[in-house]
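Fold and geometry: a report
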Amino acid sequence: MNKNVVIFASGEGSNAQKIIDYFQHSNYVTISLIASNKANANVLTRAKNNNIPTFVLDRELFYKGNEIVEYLKSIKTDLIVLAGFLWMIPENLIKAFPDKIINIHPSLLPKFGGKGMYGMNVHKAVLAANENQSGITIHLVNEYYDQGKIIAQHSCAINEHETVASLSEKVQLMEHEYFPKAIEHFLAAK
Ligand code: GRF
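Residues numbered from 1 in each chain as written. Predicted model: local features only at pLDDT ≥ 70, side-chain atom pairs only at ≥ 80, totals over all residues. Heavy atoms only, no water.

On the secondary structure map, Leu57 appears in the loop between strand S3 (54–56) and helix H3 (59–63). In this structure the C-alpha to C-alpha distance between Leu57 and Asn37, which are 20 residues apart in sequence, comes to 4.7 Å. Those residues in contact with Leu57 that lie beyond four places of it in its chain are Phe8, Ala35, Ser36, Asn37, Phe62, Ile68, Phe85 and Trp87. (Helix = DSSP H or I, 4+ residues; strand = E, 2+ residues; numbered from the N terminus. Contact = heavy atoms within 4.5 Å.)

This is the structure in structure tokens:
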């Protein structure tokens, strides 16, 4: 049976692109919508280039009322994938899609998660703590930042001369490789 996946992303959308590419010829997963809180986010250009409908989220509507939830239900959303989405998900959305919202985080949660831990901040904190490994976490979204049930984790070693840039590159490659597969496994297990 076909599953409709909606992607929420705030920026560049390199992960969204990998997800689009991975499911391009899939018979049972459709990327039905890409939503962003930023009208000029590159991820929306990527969506348009791939003929995927787009939606710009209005902050007022996102946090008040039920219109967004109703819209997502009306297009029969099976899964919401957060791929670099920086707004906190409101409770009504979490309740409307229980265990149907997943996020990717560029560290081995529960380490280096929580408020302010996004983008380069994460990698800086990992290096400052002298960790010998980092990685990615794919997890369910609940009402607390980065604290939902973990679905998949993949780690990489941090070498002696690691920099924020090299670590970020390494982690991004892992995201691109594992996120689409994790989405596929998650949907298949449902
Ligand atoms: C990724 O590193 C992801 O882990 C984080 O935001 C970044 C998004 O990058 N949550 P992109 O927009 O997919 O290129």
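Still more to cover.
Now for the sheet that holds strand S6 (residues 133–140). Read across the sheet, 7 strands follow the order S3-S2-S1-S4-S5-S6-S7 without closing on themselves; strand pairing throughout is mixed. Edge positions in the open sheet fall to S3 and strand S7 (150–157), since each of these has one partner strand only. On average, each strand axis in the sheet is inclined to that of its neighbour by 20°, with strand direction left out of account. Two strands pair when backbone bridges link them, and S6 and S7 are joined in this way by 7 bridges, in the antiparallel orientation. Along S7, the bridge assignment pairs Ile138 with Ala152. Contacting strand S1 (3–8), strand S2 (29–36), strand S4 (79–82), strand S5 (101–105), S6 and S7, helix H7 (residues 164–189) runs over the sheet at an angle of about 30° to S6. (Pairing = 2+ DSSP bridges. Axes fitted to C-alpha atoms, helices over the stretch in contact; angles between N-to-C directions.)

Okay, the pattern of salt bridges next. All told, the structure shown has 6 salt bridges when counted by the stated rule. Where Lys64 meets Glu60, a salt bridge forms, and the shortest distance between an N and an O atom there is 3.3 Å. Note on Lys64: relative accessible area 52%, which makes it exposed. Lys170 is paired through a salt bridge with Glu162; the nearest N and O atoms lie 2.6 Å apart. Of the residues examined, Lys170 reaches a relative accessible area of 26% and is grouped as partly exposed. (Salt bridge = Lys/Arg side-chain N within 4 Å of Asp/Glu carboxyl O. Buried < 20%, exposed > 50% of the residue type's maximum accessible area, 1.4 Å probe, protein only.)

A separate point is the site of the ligand. Taken together, Glu12, Gly13, Ser14, Asn15, Gly84, Ile104, Pro106 and Glu175 make up all the residues around the ligand. A distance of 2.7 Å is found between an oxygen atom of the ligand and a backbone nitrogen or oxygen belonging to Gly13. The backbone of Ile104 places a nitrogen or oxygen atom 3.3 Å from a nitrogen atom of the ligand. Starting from 370 Å² of accessible surface for the ligand in isolation, the protein chains cover 79%. Residues of the shell around the ligand, tallied by class, amount to 2 nonpolar, 4 polar and 2 charged. (Near = heavy atom within 4 Å. Polar contact = N/O pair within 3.5 Å; in protein donor to acceptor, adjacent residues only side chain to side chain. Areas by Shrake-Rupley, 256 points an atom, 1.4 Å probe, with all protein chains shown as cover. Nonpolar A, V, L, I, M, F, W, Y, C, P; charged D, E, K, R; others polar.)

With 7 of 10 residues buried, helix H1 (residues 14–23) is to be regarded as a mostly interior element. Regarding H1, the residues found buried are Ser14, Asn15, Ala16, Gln17, Ile19, Ile20 and Phe23. Buried positions along H1 lie against S1, S2, helix H2 (42–49), S4 and H7.

This part takes up the side chain of Ser32. Its place among the elements puts Ser32 in strand S2. When its relative accessible area of 16% is taken as the criterion, Ser32 is described as buried. The residues contacting Ser32, other than those within four sequence positions of it, are Asn4, Val5, Val6, Ile52 and Pro53.

For the rest of this paragraph, the subject is the nonpolar core. Core analysis: the largest hydrophobic core is formed by 38 residues, its most contacted members being Ile7, Ile31, Ile34, Val81, Ile102, Phe179 and Ile183. Ranked by residues supplied to this core, first place goes to H7 with 8 residues. When near neighbours in sequence (up to four residues on either side) are disregarded, Ile183 contacts Ile19, Phe23, Leu79, Val81 and Ile102. Counting residues in hydrophobic clusters, the runner-up holds 20 residues, among them Leu33, Phe62, Leu72 and Trp87. (Core = buried A, V, L, I, M, F, W, Y, C linked by side-chain atoms within 4.5 Å.)

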